[in-house]
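Each chain is listed here by its residues.
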Amino acid sequence: DGGITQSPKYLFRKEGQNVTLSCEQNLNHDAMYWYRQDPGQGLRLIYYSQIVNDFQKGDIAEGYSVSREKKESFPLTVTSAQKNPTAFYLCASSIGAGSNTGELFFGEGSRLTVL
Amino acid sequence: AQSVTQLGSHVSVSEGALVLLRCNYSSSVPPYLFWYVQYPNQGLQLLLKYTTGATLVKGINGFEAEFKKSETSFHLTKPSAHMSDAAEYFCAVSDGFNDYKLSFGAGTTVTVRA
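So, here's what we can say about the structure. Counting of residues starts from 1 at the beginning of each chain's written sequence and follows it residue by residue. Following the order in which they are written, the chains are lettered starting with A and the ligands numbered starting with 1. It should be noted that, the model being predicted, local features are given only for residues of pLDDT at least 70 and side-chain atom pairs only at 80 or more, the latter also being counted only at that level, while totals for whole chains, interfaces and linings use all residues. Think of the side-chain values as coming from all heavy atoms in the structure, minus any hydrogens and water.

## Re the state of the cysteines
At step 1: When two cysteine sulfur atoms lie within 2.5 Å, the pair is treated as a disulfide. Counted according to the given criterion, the structure contains two disulfides over all chains.
At step 2: There is a disulfide in this structure between Cys23 of chain A and Cys91 of chain A, and the S-S distance comes to 1.9 Å. Here the disulfide of Cys23 of chain A and Cys91 of chain A is left-handed, its torsion about the S-S bond being about -75°. Of this pair, Cys23 of chain A sits in strand β3 (residues 19-25) while Cys91 of chain A is found in strand β9 (residues 87-94), placing the two residues 68 residues apart along the sequence.
At step 3: Note on exposure labels: buried denotes an accessible area under 20% of the residue type's maximum, exposed denotes more than 50%, and partly exposed covers the range between, all computed with a 1.4 Å probe on protein chains only. Relative accessible area serves as the criterion here: at 0%, Cys23 of chain A is assigned to the buried category.
At step 4: Each disulfide pairs two cysteine sulfurs, and for Cys23 of chain B the partner residue is Cys91 of chain B, the sulfurs being separated by 2.0 Å. Here a helix means four or more residues in a row that DSSP labels H or I, a strand means two or more in a row labelled E, and each is numbered from the N terminus.

Below, the structure is given as structure tokens:
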């Protein structure tokens, strides 16, 4: 079945450590996204990539980094510079620029807790 | 820039009762409007969307929404709530040109009472 796979589902981190969240899709979508979800705040865009080897900052990129070396993969690194990293992280994909559908396909999320 | 306001962070309904979730948007261009549903500890799933054409949009699981330009609203309804409708619902708006410019509301959590 086609879809988006995020791992790990739950992750615990000590303060000062970097962690990387994995996101893989087999939908052949060009565009991929990372969102952060906090209670009562909806979803906020961290980074997005419309094509391989290219990505742009979203609304809350500080303290995060990404790479897009393969079409299928868009890992997110939460660095020690992120002041409040405890959150639910969602990866999504869409057909790509110009599709104009607004339909995002989401993974099941990764919950990061900083101890 | 576009934005979305969802009225009410929590809604409680009885099984079989009407579900009404309110969404108002602001947009400087004709908007594309969406409702997504999220079950606990899962990702979001598209319920329905409005792009152009008919203003009453039907989605999955018996939900529908009506685009009212004069009221800048896109409220979500379901005539008869089911226990399986308990979830968090997000309204979203885009400018219709770029998927990455999807702006989400803060969400409304629905609980269904037996």
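## Here we look at the nonpolar core
All names here are of chain B.
At step 1: Core analysis: the biggest nonpolar cluster contains 26 residues, and Leu21, Trp35, Leu47, Leu48, Phe74, Leu76 and Tyr89 have the highest contact counts within it.
At step 2: When contributions to this core are tallied by element, the ones reaching two or more residues are β2 (10-14), β3 (19-26), β4 (32-38), β5 (44-50), β7 (64-68), β8 (73-78), β9 (87-94) and β11 (108-113).
At step 3: Those residues in contact with Phe74 that sit more than four places away from it in its chain are Cys23, Leu33, Phe34, Trp35, Leu48, Tyr50, Ala65, Glu66 and Phe67. For our purposes a nonpolar core is just a set of buried Ala, Val, Leu, Ile, Met, Phe, Trp, Tyr and Cys residues, chained together by side-chain atoms within 4.5 Å. Contact criterion: two residues are considered in contact whenever any of their non-hydrogen atoms come within 4.5 Å of each other.

## Regarding unusual backbone geometry
At step 1: Of the consecutive residues Ser7 of chain A and Pro8 of chain A, the connecting peptide bond is found in the cis state with omega at -10°.
At step 2: We note that Asn41 of chain B has phi near 60°; this positive angle belongs to a residue other than glycine.
At step 3: Among the secondary structure elements, Asn41 of chain B is positioned in the loop between β4 and β5.
At step 4: Even without being a glycine, Asn61 of chain B presents a positive backbone phi close to 60°.
At step 5: With respect to the secondary-structure elements, Asn61 of chain B resides in the loop between β6 (56-58) and β7.
At step 6: In this structure Asn61 of chain B comes out as partly exposed when scored by relative accessible area, which is 41%.

## Regarding a nonpolar patch on the surface
At step 1: Residues Tyr10, Phe12 and Leu115 of chain A make up a contiguous nonpolar surface patch of about 370 Å² in total accessible area.
At step 2: By relative accessible area, which is 62% here, Leu115 of chain A ends up exposed. For patch detection, residues must exceed 30% relative accessible area and be free of salt bridges, and they are connected within 9 Å for like charges or within 5 Å for nonpolar side chains (Val, Leu, Ile, Met, Phe, Trp, Tyr). Here the open area of atoms and residues is found with the Shrake-Rupley method and a 1.4 Å probe, where only the protein chains shown may cover a residue. A pairing counts as a salt bridge when a side-chain nitrogen of Lys or Arg comes within 4 Å of a carboxyl oxygen of Asp or Glu.

## Section: the pattern of salt bridges
At step 1: Using the criterion set out here, one finds six salt bridges over all chains in the structure.
At step 2: Here Lys58 of chain B and Glu64 of chain B are joined by a salt bridge, their closest N and O atoms 2.8 Å apart.
At step 3: Taking the relative accessible area as the measure of exposure, Lys58 of chain B reaches 63% and is therefore exposed.
At step 4: Residues participating in the shared-partner salt-bridge network are Arg36, Asp38 and Arg44 of chain A.

## Description of the environment of Arg13 of chain A
Residue and element names in this part refer to chain A.
At step 1: Among the secondary structure elements, Arg13 is positioned in strand β2 (residues 10-13).
At step 2: In this structure Arg13 comes out as buried when scored by relative accessible area, which is 2%.
At step 3: Spatially, the C-alpha atom of Arg13 lies 4.7 Å from that of Val114, the residues being 101 residues apart in sequence.
At step 4: Sequence-distant contacts of Arg13, that is, excluding residues within four places in its chain, are made with Val19, Val78, Thr79, Ser80, Gln82, Pro85, Leu112, Thr113, Val114 and Leu115.

## Re the sheet that holds β3 of chain A
Residue and element names in this part refer to chain A.
At step 1: Here, strands pair whenever DSSP counts at least two bridges between them. Pairing is antiparallel across the open sheet formed by four strands, whose spatial order is β1-β3-β8-β7. Of all the strands in the sheet, just β1 (4-7) and β7 (64-66) have a single pairing partner and so form its edges. Mean inter-strand twist for the sheet, computed between neighbouring axes without regard to direction, equals 20°.
At step 2: As paired strands, β7 and strand β8 (residues 76-78) are joined by three bridges and run antiparallel to one another. Looking at the pairing, Ser65 lines up with Thr77 of β8. Interaxial angles span 0 to 180 degrees and are taken between N-to-C directions of axes, which are lines fitted to C-alpha atoms, for helices over the stretch in contact.

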